[in-house]
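Architecture at a glance
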Amino acid sequence: MTGRASGDGIFVDCLALGILRGAALIAVASVTLGAQGATGKAVYDKWCAGCHGDTGAGDGPGSEYMLPRPRDFTKGIYQIRSTASGELPTDADLLRMVTEGMPGTAMPEWKSVLTDRERSDVVTYIKSLSDFFKGAAPKAIAISKAPSSSPEAIADGREVFKKLECFKCHGEQGRGDGNSAPTLKDDFDRPIRAADLSENWKFNGGTSVEEIYTRFRTGLDGTPMPSFSDALDAKVVTDEQLWHLAHWVRSLSPEKAPEVREVVRAARVTGALPRTPDDSAWATAERFWIPLVGQIITKPRWFAPTVDGVWVQALHDEKQLTLRVTWHDPSRSPDPEWDEWLGRMRQTMTAVDSLPLSATQGPDRLTVLFPTRVSDTERPYFLGGDRKNPVYAWRWTSAPDKLDVGRLSGLGNFAAAAASDVTHAAVFDHGEWRLQLTRSLVPSDTSAVPGFAPGVAIPIAFVAADGSSGEDEIRASIGAWYAIYLDVPTPPRVYVAPAATMLLTAGLGVFVVARARRRERGNRRTTQEES
Amino acid sequence: MRQVLIGGMLLTVAACGGGGEKAGSDTATPAGAAPAAGAAPTAMAGGSVTGHVKFDGAAPANPTIDMSEEAACKGKYTGPALDPVVMVTNGMLGNVVLYVKSGLPAGQTYPVPSEPVVIDQRGCLYHPRALAIMAGQKLEIKNSDPVLHNIKALPTKNRPFNISQPTEGMTTTRTFTTPEDNVPVECNVHGWMHSNIIVLPHPFFAVSGEDGSFTIKGLPAGTYEIEARHAKLGTKTMSVTVPADGAATADFTFAATGT
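Analysis parameters
Residues numbered from 1 in each chain as written. Chains lettered and ligands numbered in written order. Predicted model: local features only at pLDDT ≥ 70, side-chain atom pairs only at ≥ 80, totals over all residues. Heavy atoms only, no water. Disulfide = S-S within 2.5 Å. Helix = DSSP H or I, 4+ residues; strand = E, 2+ residues; numbered from the N terminus. Buried < 20%, exposed > 50% of the residue type's maximum accessible area, 1.4 Å probe, protein only. Expected span 1.5 Å × (residues − 1). Contact = heavy atoms within 4.5 Å. Buried area = accessible area lost by both parts, 1.4 Å probe. Salt bridge = Lys/Arg side-chain N within 4 Å of Asp/Glu carboxyl O. Polar contact = N/O pair within 3.5 Å; in protein donor to acceptor, adjacent residues only side chain to side chain. Nonpolar A, V, L, I, M, F, W, Y, C, P; charged D, E, K, R; others polar. Phe/Tyr/Trp six-rings, centres within 6.5 Å; stacked < 30°, edge-to-face > 60°. Lys NZ or Arg CZ within 6 Å of the ring centre and 35° of its normal.

A look at the state of the cysteines
Under the defined criterion, the tally for this structure stands at one disulfide over all chains. With a sulfur-sulfur separation of 2.1 Å, B:Cys73 is cross-linked through a disulfide to B:Cys124. Taking the torsion about the S-S bond as the criterion, the B:Cys73 to B:Cys124 disulfide, at about 65 degrees, is right-handed. Of the two residues, B:Cys73 is situated in helix H2 (residues 71-74) and B:Cys124 in the loop between strand S7 (117-122) and strand S8 (125-127); the sequence distance between them amounts to 51 residues. The burial state of B:Cys73 is the same as that of B:Cys124; both residues are buried. Left without a disulfide partner, A:Cys166 is nearest to the cysteine sulfur of A:Cys169, which lies 9.1 Å away. Exposure remark for A:Cys166: the relative accessible area of 12% places this residue in the buried category.

Quick word on helix H9 (residues 239-252) of chain A
Residues and elements named next belong to chain A. The end-to-end C-alpha distance of H9 is 20 Å, a good match for the 20 Å that 14 residues give at a rise of 1.5 Å each. Within H9, 10 of the 14 residues are buried, leaving the element largely enclosed by the surrounding structure. For H9, every residue scored as buried is listed here: Gln-241, Leu-242, Trp-243, His-244, Leu-245, Ala-246, His-247, Trp-248, Val-249 and Arg-250. The inward-facing, buried residues of H9 contact helix H5 (151-163), helix H7 (209-218) and helix H8 (229-233).

Describing the interface of chain A and chain B
Taken together, the contact between chain A and chain B spans 30 residues of the former and 25 residues of the latter. Taking both sides of the interface into account, the surface hidden between chain A and chain B amounts to around 2,300 Å²; carbon and sulfur atoms contribute 50%. Taken together, chain A and chain B are joined by four salt bridges. One salt bridge connects A:Asp187 with B:Lys152, and the closest N-O pair in it is separated by 2.6 Å. The tally of links between chain A and chain B comes to 16 residue pairs in polar contact (both at pLDDT 80 or more). For the side of chain A that touches chain B, a count of residues per class yields 12 nonpolar, nine polar and nine charged.

Looking at the packing of aromatic side chains
Tallied over the full model, the rule gives 24 aromatic pairs over all chains. Note on A:Tyr44 and A:Phe73: the rings are 6.2 Å apart at their centroids and 70 degrees apart in plane angle, and the pair reads as edge-to-face. Separated by 29 residues along the polypeptide, A:Tyr44 in helix H2 (residues 40-52) and A:Phe73 in the loop between H2 and helix H3 (91-100) bring together distant segments of the chain. For A:Tyr44, a relative accessible area of 0% puts it in the buried group. Seen from their ring centres, B:Phe214 and B:Phe252 are 6.5 Å apart, and the 45 degrees between their planes marks the pair as tilted. Remark: B:Phe252 occurs in strand S21 (residues 252-255) and B:Phe214 occurs in strand S17 (residues 213-219); sequence separation between them is 38 residues. Looking at B:Phe214, the relative accessible area reads 0%, which means it is buried. The structure contains a cluster of three or more aromatic residues connected by ring pairs, namely A:Tyr44, A:Phe73, A:Tyr78, A:Tyr125 and A:Phe133. Geometry around A:Trp311 places A:Arg287 over its ring, the cationic atom sitting 3.6 Å from the centre. Between B:Arg174 and the ring centre of B:Phe161, over which it is positioned, the NZ or CZ distance is 6.0 Å.

Below, the structure is given as structure tokens:
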């Protein structure tokens, strides 16, 4: 992996998986595994100990670069189970975690790496790391059949969410921004997020309605998420209501995890461009998901990014380009309510790179990057350019609510231009930022600032930061270069040309066939010339 | 009857620690005088240890809790809600767990008290702030607030639990199977709520009430080491000799230094 981002997809994969696989490989054991002769310990030592530690205490060399941290197997406490609160998981539960991994955490799936036998053996070994498993026979709780979803069921689920006060942690819109969210900690006093229920691709235990319902019944041990089985037994809530709640939670996320596309399309609008982030025109504009990952290239590196991606929408009217960038961040930084959260982040993540996090919250940030010259085929260094080849940047901060336009020569080296010709408007709404940015296609200063010509793929990249988690201009969520393409207005010839082409082709065809027939009749020896 | 006594003590704890809690709607027993006691089945011996826990010097100020996000709890206090870290009333210290630390015959087992130990969530605080329970004894968890509480126990020798209690009046029962020195209990909805439970292999324990008094009942004759444990101020021990069917006295004094 060189500094230049030449293959965006590969690059993102490398960032995301670099931690996982890298950490796993740190402690590669010298044991060579035969497919059949593999013992659980050998598998564990080779593939698991790098994060989970030699003794299973969750303290492998890779562990401090992760949040949430790897499971401590010696405690016998597991989040994702089919068993009641506080109970041990079944073998099937453990096997499933190893096989499928845990989305939203550093735990990858192992089905493509380990054989069935190896995964089953490693489960046996993991159980041996806690005495609680001795003689235990954990049983899955009985679960009723899911009623089918309907608008009524979903609407009722929303009411159950209110009744059970799930919003206290998960927030009114389910984005993990409830009043208690800044105080949440795991069993080891580390900060832990209330799940953002509208981004289910990060659900640790799966996205199906059955899986969501099971989490309500079992709770997530080791986390603040309690079990609602006792509430069910006490008739505080009915089974049907819990299913409706599961349907509602499921309805908050898209049908499928967002698909990454290389090019953000800016449609051309004939009327006026939307003026505010909440303009109704945005509702119908196409959304593009740009994934972001923690910045782990330059120091201080950052392994606990809040923002895992931004939705980008773009429109233009041949005079101006306007973008709306939407992302989830539970805190509007700085916010004194989140001081406790930052304190835990400092405690947990400071050891990395020996550079302590700031004790005070900075603002939330979003920076949009472009090359200074669009015509270049080579893109600048993806981490905000460098001294030789800086990038043109729009740098927004939440407090003060301000947009600077200027040049970035690497992350953290920003030089604002004397004047800004970019306008912006930001809205924070229940754990979601919506930021609109607008500029003329032709910039006021054309010497070092790119114009946005329709019909050209213009490189674009995003950097986001959550001030309440100690993030800043370098400890941030970063992404690779993507492109934005402004739709070309449709000239009349676009409609005429296909018809003309069709006529021409048909005419030529008739001519060729007729000529061929004539030749065939006239001279059979030269048939091969027909082609 | 035991439960009523414990209830009385709980109310007492609340009245002091909460910085002036309004009269609760719960069943109220006369507060103050009732000493907390471990349940003592009739089959048990008739000896007891009685005493008071005093606090020497000026009581440290307890931190205030901002309950503005939880109006139903905030409304239960006339002034600012206080976190009853150190609960001193007229020089007496409440929320001290007193139990027989040693001196019982090795290998001897005792019947599990049939009465549960109660932990109540009221005014967004735990009552009491410190508990003792015998392994196998029922812990009755009660929500007296019209708000969501989750009660999460974080043992290491026992299995954990984390239970949602979304409505007022909901009760749940759990037991610990193994003696354990300290099981922290917390609410994650209200990060300020903490309690600590000691799980004992015997039923000889008590928690000091508002007036600092306690009685450990059902003891056979013998010489015992009694530990007084306060979550913030630490522990003190004292040796007492209990005569057959008689009472021994053990008075403890804590000071702000915490030793």
